[in-house]
Amino acid sequence: MSRRFEGCLYLAMAMILVGSTVAASKIIAAGLPPFTATALRFAVALPLFLIAMRATRTRWPLLARSGWGLLFLQAAAGSVGYTTLLISGLRHTSAADAGVIIGTLPVVSALIAIVVLGERPGRAVLGSIALATAGVLAIAFQPGGDGAQPWLGNLLVVGAVGCEGLFILLNKRLHTPVPPLALSTLMSAFGLLAAVLPALWEAPWQLHASAELTHAVGAVLYYAIVPTVGGFVLWYAGSARVSGAEASLFTALAPVAAIVFAATLLGESINLRQAGGIACVLAAVLSMGLAGTRPPARAPASSAS
C-alpha cells in the first residue's frame with residue numbers, strides 16, 4: 001500500500017466520522033440539554049488527549065497572555081459554540097438538512113477570510129460561495145421538515161458553521177504555531193471550562209431516566225471517543241501523507257456521510273430538495289479543492305474538538 005493511498009484512506013475515514021457526528025447529535029438532542037452534552041463530551045475526550053500527549057511527548061505551547069486568550073475564544077466559538085448550536089438546531093430540523101449545511105464549512109471559512117481579513121477571492125472561490133449558498137437556500141426555508149420549526153433549526157446549524165469558521169479566523173491570529181495534538185487538548189480543556197457553568201444552569205441532575213437519555217449519553221460517549229479523538233488521529237495521519245489541496249477535497253465526504261447516516265441510522269427520507277442542496281455543496285467544496293485553496297488549519301471541530 002503506497003503512502004499516498006494510506007493518506008487518502010485515513011482522510012476518507014476521518015470525514016466519514018465527521019459525518020456521523022450529525023446523526024449522533026440528533027440522538028443527543030432528544031435526550032440531553034446542549035451544554036450538558038458538550039461538557040460531557042469534553043470531559044471524556046480531555047483525558048484521552050492528555051494520554052496521547054504524554055505518549056507522543058508533545059510539549060505545551062509557550063504563548064503570551066494574548067495567545068492564551070485567543071485559544072480560549074477559539075474553544076468558546078469553535079468547540080462549545082459549534083457543538084451546542086448543532087445540538088440545539090437538530091431539535092428542530094433533520095440530520096440530513098444539517099449535513100448539507102455543515103458541508104459548507106470550507107466555503108464559509110473562505111467567506112469569513114474575505115470579509116474580516118480582506119483577502120481577495122479568485123473566481124473559483126466566488127463560484128464556490130455562490131454554489132454553497134444555493135445549496136443552503138435549497139434546504140433552509142422549506143415549508144415542512146423534521147420539526148415544528150425547521151427554519152429555526154437550519155438557522156442554528158448555520159450559526160454552528162459560522163462558529164467553526166470563526167475558530168479558523170482566530171487561529172490565523174495566533175503568532176505562535178501550536179502543535180495539532182496540543183491544540184485539540186487545549187480546545188477540550190477550555191471547552192470544558194466554558195461549558196461547565198451553562199451545563200450546571202441546565203440542572204442535568206433533574207433529568208429523568210429514559211430510553212432517550214440512555215441513547216443520548218451513549219451518543220455523547222461515541223462522539224467524544226470515536227470522531228473527536230479517533231477522527232483527530234485519522235485526519236492528521238492522512239494529511240501528513242498527501243498535499244493540502246488533496247486533503248481539502250476529502251471534506252466533501254462529510255456531508256455525504258451525514259446524509260447516509262441520517263437515512264440508515266435515523267430512518268430519514270432523502271428528497272430531491274436535499275439531493276440538490278448536497279450537489280451544490282459538493283460542487284462548491286470540490287471547486288475550491290481543485291483550485292488549490294488551502295484547507296482549514298485543523299480537522300473540523302466535530303472531529304478534532
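Above: the structure in question.
Residues numbered from 1 in each chain as written. Predicted model: local features only at pLDDT ≥ 70, side-chain atom pairs only at ≥ 80, totals over all residues. Heavy atoms only, no water.

## Re the overall build of the chain
At step 1: Of the regular secondary structure elements, the chain holds 13 helices and 0 strands.
At step 2: Along its sequence from the N terminus, the chain presents helices and strands in the succession α-α-α-α-α-α-α-α-α-α-α-α-α.
At step 3: Taking all contacts inside the chain whose residues are at least 6 apart in sequence as the whole, residues at least 24 apart take part in 91%.
At step 4: Surface exposure of the chain reaches about 13500 Å², of which carbon and sulfur atoms provide 69%. (Helix = DSSP H or I, 4+ residues; strand = E, 2+ residues; numbered from the N terminus. Contact = heavy atoms within 4.5 Å. Areas by Shrake-Rupley, 256 points an atom, 1.4 Å probe, with all protein chains shown as cover.)

## What to know about the environment of Ser-88
At step 1: Positionally, Ser-88 belongs in helix H3 (residues 65-89).
At step 2: Separated by 72 residues in the primary sequence, Ser-88 and Ala-160 place their C-alpha atoms 9.7 Å from one another.
At step 3: When sequence neighbours within four positions are dropped, the list of residues in contact with Ser-88 reads Pro-34 and Leu-156.
At step 4: At 2.8 Å, the side chain of Ser-88 forms a polar contact with the backbone oxygen of Thr-84. (Polar contact = N/O pair within 3.5 Å; in protein donor to acceptor, adjacent residues only side chain to side chain.)

## Section: the packing of helix H2 (residues 34-56) against helix H9 (residues 211-239)
At step 1: At a minimum axis distance of 9 Å, the contact between H2 and H9 shows a crossing angle of 45 degrees. Judged by the inter-axis angle, H2 sits oblique to H9. Here H2 and H9 pass one another in a crossing that is right-handed. Between H2 and H9, the contacting residues are Ala-37, Leu-40, Arg-41, Val-44, Ala-45, Leu-48 and Phe-49 on the first element and Val-220, Leu-221, Tyr-223, Ala-224, Ile-225, Thr-228, Val-229 and Phe-232 on the second.
At step 2: Residues of the contact of H2 with H9, tallied by class, amount to 13 nonpolar, 1 polar and 1 charged. (Axes fitted to C-alpha atoms, helices over the stretch in contact; angles between N-to-C directions. Parallel < 35°, antiparallel > 145°, perpendicular 65-115°, else oblique. Left-handed = near helix turned anticlockwise from the far one by under 90°. Nonpolar A, V, L, I, M, F, W, Y, C, P; charged D, E, K, R; others polar.)

## Here we look at unusual backbone geometry
At step 1: Positive phi values are uncommon outside glycine, yet Arg-57 reaches one of about 60 degrees.
At step 2: Of note in the backbone geometry, Ala-203 takes a positive phi value of approximately 50 degrees without being a glycine.
At step 3: Taking relative accessible area as the criterion, Ala-203 reaches 13% and is therefore assigned buried. (Buried < 20%, exposed > 50% of the residue type's maximum accessible area, 1.4 Å probe, protein only.)

## A short note on the packing of aromatic side chains
At step 1: This structure, assessed with the given rule, holds 4 aromatic pairs.
At step 2: Relative to Phe-190, the ring of Trp-68 lies with its centre 6.4 Å away and its plane at 90 degrees, an arrangement referred to as edge-to-face. Residue Trp-68 is located in helix H3, and its partner Phe-190 is located in helix H8 (residues 180-201); the two are separated by 122 residues in the primary sequence.
At step 3: Take Phe-190: its relative accessible area is 15%, and that puts it in the buried class.
At step 4: Relative to Tyr-236, the ring of Phe-232 has its centre 4.9 Å away and its plane inclined at 55 degrees; by these criteria the two rings are tilted. Of the two residues, Phe-232 and Tyr-236 both sit in helix H9, 4 residues apart, roughly one turn of that helix. Each member of the pair Phe-232 and Tyr-236 is classed as buried.
At step 5: Of the aromatic side chains, those joined through ring pairs into one cluster are Phe-49, Phe-232 and Tyr-236. (Phe/Tyr/Trp six-rings, centres within 6.5 Å; stacked < 30°, edge-to-face > 60°.)

This is a description of form; function is not addressed.
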